[in-house]
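Chain residues, written in single-letter form:
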Amino acid sequence: MDGAGEKRVRAKGSREVDWISNLPETLLCQVLFYLPTKDVVKSSVLSSRWRNLWKYVPGFNLSYCDFHVRNTFSYDHNTFLRFVDSFMGFNSQSCLQSFRLEYDSSGYGEPKLALIRRWINSVVSRKVKYLGVLDDSCDNYEFEMPPTLYTCETLVYLTLDGLSLASPKFVYLPSLKELHLSIVKFADHMALETLISQCPVLENLNISRSFCDDFEFTCVRSQSLLSFTHVADTDEMLNEDLVVAIDAPKLKYLRLSDHRIASFILNDLASLVEADIDTVFNLICKKMFNPNDLNKRNMIRDFLVGISSIKTLIIASSTLEVIYDYSRCEPLPLFRNLSSLRVDFYGYKWEMLPIFLESCPNLKSLVVGSANYREKEGINILSVPRGFLSSLEYVKIERPLKGEAMEMKLVSYLLENSTILKKLTLCLDDSIKKEESVILKELNTIPRLSSACQVVIL
């Protein structure tokens, strides 16, 4: 409200009006719905009208961390469990839109786990739409989700973390659109495949895997899926040949970040628009790409063909290194639709970059970023220019430049081979900010194939 409006309200009485408390209870409960439960409960001290209002909020969001024992590093788990149980007893027949629970089951034992199981069954019967259950017990996997979860017809959003999922006998989740599974232990690979395939409107799937999961084959088959993310919590290489198969004809976004997977099988991804790829197909464990390994060569070829229709790509230089090794055996497929590319490098192994750029005939934007991990040794800096970059218009090198020879070689390559480049943006390292004029002078000596190119230093 503006100042004039505020004066008019105050002119009607000597004291200010409490507009919030005068709102209908249903509206107040909806406002409180968006707050963590610990804050909702605190509202009970505002006035007598607010004293019991928190019991009617159609949402629950609580963590055992909210029950910290003062002056210690521990938590009061018993009080936490009693509070949750009391809340679940209020209006047990009413609908509960959202339920998010974070606990640590270490040392809980069956009686307490049975309590959590009863809560899950209760929220399912109360037609929950948004459900999140997180076990913070460091991969104990003590709690297995009850089978009622698999037949919750109202569930729209589900996130599970640190839990176990049995192989379901029957799955019916007609409303589920978003599914997040983090460090979840499955009874077998069919448990996940069955779960996904029986969600007819599923659009977003996010799987974060642990190095200790024990299933070798993961199949994601969905006719409705639009976005799929598969990441691992470790880069530790394995000797097993883990496989991930994806069959999702409507998929538009794909993120793969797992160095342990030996084979990604992509089927029918014609709708794919954007991808974020960070994988080495478990090759680091085997030291290097073997050109005589026909199965690996065919898998990499099929993978590249499978993502070749994308328009936007983020790729790790470790993945680019595998592609570089592969390109010395077979030609790369053309990425005809690719217009935006980001490559994250750790060092200055630029030899990989021009080879891939030649497979992107319509690329308009390139960003060279920094990675936060080390790559294996073996790739040298580019030594000779390759073909012209006939479509590239905008380049940004985000990695702070220090004026080193390797950095300037990359800049030279881009300026000397980009026919219609409009803008090259460089970021200087703080250590050489005072030498900006020297860097500019050196840049001005580099020939530019595009006369319209503007070099900008940040």
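Everything numeric here is computed off the predicted structure, so don't read it as measured data. (Residues numbered from 1 in each chain as written. Predicted model: local features only at pLDDT ≥ 70, side-chain atom pairs only at ≥ 80, totals over all residues. Heavy atoms only, no water.)

1. Some points on the nonpolar core
(1) Moving on: Counting 131 residues, the largest nonpolar core has Phe80, Leu160, Phe228, Ile246, Leu341 and Phe356 as the members making the most contacts within it.
(2) Moving on: The biggest single contributor to this core is helix α5 (residues 109-125), with seven residues.
(3) Moving on: Those residues in contact with Phe356 that lie beyond four places of it in its chain are Leu313, Leu320, Ile323, Leu332, Phe335, Leu338 and Leu341. (Core = buried A, V, L, I, M, F, W, Y, C linked by side-chain atoms within 4.5 Å. Buried < 20%, exposed > 50% of the residue type's maximum accessible area, 1.4 Å probe, protein only. Helix = DSSP H or I, 4+ residues; strand = E, 2+ residues; numbered from the N terminus. Contact = heavy atoms within 4.5 Å.)

2. Let's talk about the packing of aromatic side chains
(1) Moving on: Tallied over the full model, the rule gives ten aromatic pairs.
(2) Moving on: When the ring of Phe281 is compared with that of Phe303, the centres are 5.3 Å apart and the planes differ by 80°; the resulting orientation is edge-to-face. Here Phe303 lies in helix α7 (residues 294-306) and Phe281 lies in the loop between β14 (274-278) and α7, a separation of 22 residues in the sequence.
(3) Moving on: We classify Phe281 as buried; its relative accessible area is 2%. (Phe/Tyr/Trp six-rings, centres within 6.5 Å; stacked < 30°, edge-to-face > 60°.)

3. Thoughts on the sheet that holds strand β13 (residues 261-267)
(1) Moving on: Strand order in the open sheet made by the three strands is β9-β11-β13, with parallel pairing throughout. The outermost strands of the open sheet, each flanked by one partner alone, are β9 (217-221) and β13. Sheet twist, expressed as the average angle between the axes of neighbouring strands with direction ignored, equals 10°.
(2) Moving on: In this sheet, β13 lies alongside strand β11 (residues 242-247) in parallel orientation, the contact comprising six bridges. Of the residues in β13, the one forming a bridge with Val244 is Phe264. (Pairing = 2+ DSSP bridges. Axes fitted to C-alpha atoms, helices over the stretch in contact; angles between N-to-C directions.)

4. A short note on the side chain of Ser105
(1) Moving on: Position of Ser105 relative to the elements: it lies in the loop between β2 (98-103) and α5.
(2) Moving on: Note on Ser105: relative accessible area 2%, which makes it buried.
(3) Moving on: A polar contact of 2.7 Å, which involves the side chain of Ser105, links it to the side chain of Asp135.
(4) Moving on: A distance of 3.3 Å separates a polar atom in the side chain of Ser105 from a polar atom in the side chain of Ser137. (Polar contact = N/O pair within 3.5 Å; in protein donor to acceptor, adjacent residues only side chain to side chain.)

5. Quick notes on helix α2 (residues 25-32)
(1) Moving on: Taken together, the buried positions of α2 are Leu28, Cys29 and Leu32. Down the axis of α2, the smallest arc covering the buried residues is 100°, so these residues share one side.
(2) Moving on: Tucked inside the fold, the buried residues of α2 contact α3 (37-42). (Arc of directions from axis to C-beta.)

6. What about the side chain of Ser227?
(1) Moving on: Locating Ser227 in the fold gives a position in strand β10 (residues 227-232).
(2) Moving on: On the accessibility criterion, Ser227 (17% relative accessible area) is buried.
(3) Moving on: What Ser227 contacts, discounting residues up to four positions off in sequence, is Glu203, Asn204, Leu205, Leu251 and Tyr253.

7. What about the environment of Arg221?
(1) Moving on: Structurally, Arg221 can be placed in strand β9.
(2) Moving on: Residue class for Arg221 comes out partly exposed when judged on its relative accessible area of 38%.
(3) Moving on: Considering only alpha carbons, one finds Arg221 and Ala248, 27 residues apart in sequence, at a separation of 5.9 Å.
(4) Moving on: Excluding residues within four positions of it along the chain, Arg221 makes contact with Glu193, Ile196, Ser197 and Asp247.
(5) Moving on: In terms of polar contacts, Arg221 uses its side chain to reach the side chain of Glu193, at 2.6 Å.

8. What to know about the confidence of the model for the protein
(1) Moving on: Taken residue by residue, the protein gives an average pLDDT of 83. The fraction at 70 or more is 84%.
(2) Moving on: Note that pLDDT drops below 50 for residues 1-12; the model gives that stretch four contacts with residues more than four away or on any other chain.
(3) Moving on: Counting interchain partners and residues more than four positions distant, the pLDDT-below-50 stretch residues 374-384 has 31 contacts. (pLDDT = per-residue confidence, 0-100.)

9. Describing the packing of helix α4 (residues 77-89) against α5
(1) Moving on: In contact at an axis separation of 11 Å, α4 and α5 are set at 30° when each is read in the N-to-C sense. By the angle between their axes, α4 is roughly parallel relative to α5. Handedness of the crossing formed by α4 with α5: left-handed. Contacts between α4 and α5 involve Asn78, Leu81, Val84, Asp85 and Met88 from the first element and Lys112, Leu115, Arg118, Trp119, Ser122 and Val123 from the second.
(2) Moving on: Considering only residue class, the contact of α4 with α5 consists of six nonpolar, two polar and three charged. (Parallel < 35°, antiparallel > 145°, perpendicular 65-115°, else oblique. Left-handed = near helix turned anticlockwise from the far one by under 90°. Nonpolar A, V, L, I, M, F, W, Y, C, P; charged D, E, K, R; others polar.)

10. Focus on the environment of Thr218
(1) Moving on: Within the secondary structure layout, Thr218 lies in strand β9.
(2) Moving on: Accessibility expressed as a relative area gives 2% for Thr218, which makes it buried.
(3) Moving on: Thr218 sits 30 residues away from Asp188 along the chain, and the two C-alpha atoms are 9.6 Å apart.
(4) Moving on: When residues no more than four places from it in sequence are discounted, the contact partners of Thr218 are Leu192, Arg209, Val243, Val244 and Ala245.

11. Examining unusual backbone geometry
(1) Moving on: A positive phi angle is found at Phe281, which is not glycine, with a value near 55°.
(2) Moving on: Positive phi, normally seen in glycine, also occurs at Asn282, with a value near 60°.
(3) Moving on: Looking at where Asn282 falls in the secondary structure, it is placed in the loop between β14 and α7.
(4) Moving on: Taking relative accessible area as the criterion, Asn282 reaches 0% and is therefore assigned buried.

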